[in-house]
Amino acid sequence: MPRPDSVRPLRILMVVVTDYRTDARVRRQAEALAGRGDEVTVLALQVGERPVTSTVNGVRVVELPIRKYRGASAGAYLKLYGRFSWHALRWAAKNRQRFDLVQAHSMPETLVFCGLPQRLRGLPVLLDVHDLTSKTFEEKFASRPALLGSVRASERASMRFSTEVITANEPYAEMLRGLTSTRVTSVLNCPDDAIFQRREWKDWTPGGEIVAGYHGLIAERQGVFQAVEAVERLRTEFPGLRLRIRGAGDDAPRLHEHIAKLGAGDRVAFDDTPIAVTDLPAELGNLHVGLVPHQLGPLTRDILPNKIMEYAGVGVPIVTFRNATVERYFDERAVVFADPADGPGLATAIADVARDPEAARVRADHTLKLMEDRMWSRQRDTYFEVIDRMTGR
């Protein structure tokens, strides 16, 4: 909704260690602010050969001269975060009078300190916790307790420094409220219904073509290896079953090798390039089943994956892992749980969906009803309330 002409547009600076074009949550928020007339600048990672400044749907995107790191080195991650934060802090200091609010998107939470020049001027700083850095480090570097202790301490310091905190769902907000006295608001991680809209039902027969899909990060904990194994297990019963994988990540080379080792190349199509959020609905439109096969661990036991929300928002039947947060938002009338989400468990769940397309259609209709209050057009108002409260508007 456009801002009234009598109200000066807010000037918002966002800071995020990612490729802006592929981060759905950051784009939703930035472009919603721009859509109502605010001026938004995002400091993000370099994507091409040289850092550039561009305008994406009304949002000014400034690429800092830092590239994304994928790997298993704690030192490399810390170096990435440190170098990016230094460049972002210098940029914010040079432009400290141009903004009314700074919003930092984790990971890491310490990006909020890039707003120090504005904070010293009495301006608000908002921290958006997508995922806690400590949970990722616990997954990757569990054998280094001193490092984990330092990361947890930095999280608490970052939340104390912040004027307010927002996060991706209510269970996560409840957890953060146990870590800080700073105000925490839930802004649900949900699809933008200007982009993700109900599609026509895509029917199938058990003996015909059935396309399952996975999109997003390619990492062991995401369960994509187990998804390949599940599809291969169903080769005889469902000869027309195919799996489409789209995404990039640390384990992409290993996944290519895994597909080849299983001899599943004729059934699994893996495109290891990232996909922009604006291109994703067309990708989902080709699917009969959406897979969310995460493996339970420190990072995944409390999350509500955006993939579930995107499948639900367009009406794709869903097979998902189970945790308490997923169960809080989606019950067994809406999704099929693979519990556990290993190869055999996923195979059983996929087969249950494949055998009964009419039952899958009923579940998809139920998820669409659930999503009516969970799409961005509703959640956006909560986000605007936070921004306007913090800036005195």
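These numbers were taken from a predicted model, which means no experiment stands behind them. (Residues numbered from 1 in each chain as written. Predicted model: local features only at pLDDT ≥ 70, side-chain atom pairs only at ≥ 80, totals over all residues. Heavy atoms only, no water.)

## Quick notes on the sheet that holds strand 5 (residues 101-105)
The sheet built from eight strands is open, its strands ordered 3-4-2-1-5-6-7-8 with mixed pairing. Unpaired on one side and paired on the other, strand 3 (53-56) and strand 8 (184-186) mark the two borders of the sheet. For this sheet the average axis-to-axis angle between neighbouring strands, irrespective of direction, equals 25°. Across five bridges, strand 1 (residues 11-16) lies against strand 2 (residues 39-44) in parallel orientation. Paired with Ile12 across the strands is Val40, a residue of strand 2. (Pairing = 2+ DSSP bridges. Helix = DSSP H or I, 4+ residues; strand = E, 2+ residues; numbered from the N terminus. Axes fitted to C-alpha atoms, helices over the stretch in contact; angles between N-to-C directions.)

## Here's the deal with the layout of surface pockets
Considered as a void within the structure, the second largest pocket measures approximately 240 Å³ in volume. Among the elements of the structure, helix 1 (24-35) and helix 14 (376-390) are those that each provide at least two residues to the lining of the second largest pocket. When its residues are assigned to classes, the lining of the second largest pocket shows nine nonpolar, three polar and seven charged. (1 Å grid on protein atoms, 1.4 Å probe; cavity = no way out; pocket = protein on both sides within 12 Å on 5 of 7 lines; lining within 4 Å. Points joined across faces, edges and corners; volume = space filled by probe spheres on them. Nonpolar A, V, L, I, M, F, W, Y, C, P; charged D, E, K, R; others polar.)

## With respect to the sheet that holds strand 14 (residues 336-337)
One key point about sheets: their strands pair by backbone hydrogen bonds, in either a parallel or an antiparallel sense. Taken in spatial order, the six strands make up an open sheet running 11-10-9-12-13-14, and their pairing is parallel. Only two strands of the sheet have a single partner each, and these edge strands are strand 11 (268-271) and strand 14. Both strand 13 (residues 318-320) and strand 14 contribute to a ladder of two bridges, which runs parallel. Across the sheet, the residue bridging to Thr320 is Phe337, located in strand 14. Running at roughly 165° to strand 10 (residues 241-246), helix 7 (residues 224-233) makes contact with strand 9 (210-215), strand 10, strand 11 and strand 12 (289-292) of the sheet. (Contact = heavy atoms within 4.5 Å.)

## Some thoughts on the environment of Gly216
With respect to the helices and strands, Gly216 occurs in the loop between strand 9 and helix 7. Relative accessible area serves as the criterion here: at 26%, Gly216 is assigned to the partly exposed category. A sequence separation of 194 residues divides Gly216 from Thr22, and the C-alpha atoms of the two residues are 9.6 Å apart. For Gly216, the contacting residues outside a window of four places in its chain are Arg246, Gly247 and Ala248. (Buried < 20%, exposed > 50% of the residue type's maximum accessible area, 1.4 Å probe, protein only.)

## Quick look at empty space enclosed by the protein
Within this structure, the stated rule accounts for one cavity of 30 Å³ or more. Empty space within the largest cavity amounts to approximately 50 Å³. If you trace the largest cavity, you find it lined by Gly213, Tyr214, His215, Arg244, Arg246, Glu283, Leu284 and Leu287. Going through the elements one at a time, strand 9, strand 10 and helix 9 (280-284) are the ones with two or more residues in the lining of the largest cavity. Looking at the lining of the largest cavity, the element that brings in the most residues is strand 9, giving three residues.

## Some points on the packing of aromatic side chains
Tallying each qualifying case throughout the model produces seven aromatic pairs. Seen from their ring centres, Phe113 and Phe161 are 4.6 Å apart, and the 40° between their planes marks the pair as tilted. Taken together, the residues Phe113 in the loop between strand 5 and helix 3 (116-120) and Phe161 in helix 5 (residues 145-161) connect sequence positions 48 residues apart. Taking relative accessible area as the criterion, Phe113 reaches 32% and is therefore assigned partly exposed. The rings of Tyr77, Tyr81 and Phe137 are connected pair by pair, giving a single aromatic cluster. We note Arg28 situated over the ring of Trp376; from NZ or CZ to the ring centre the distance is 5.9 Å. (Phe/Tyr/Trp six-rings, centres within 6.5 Å; stacked < 30°, edge-to-face > 60°. Lys NZ or Arg CZ within 6 Å of the ring centre and 35° of its normal.)

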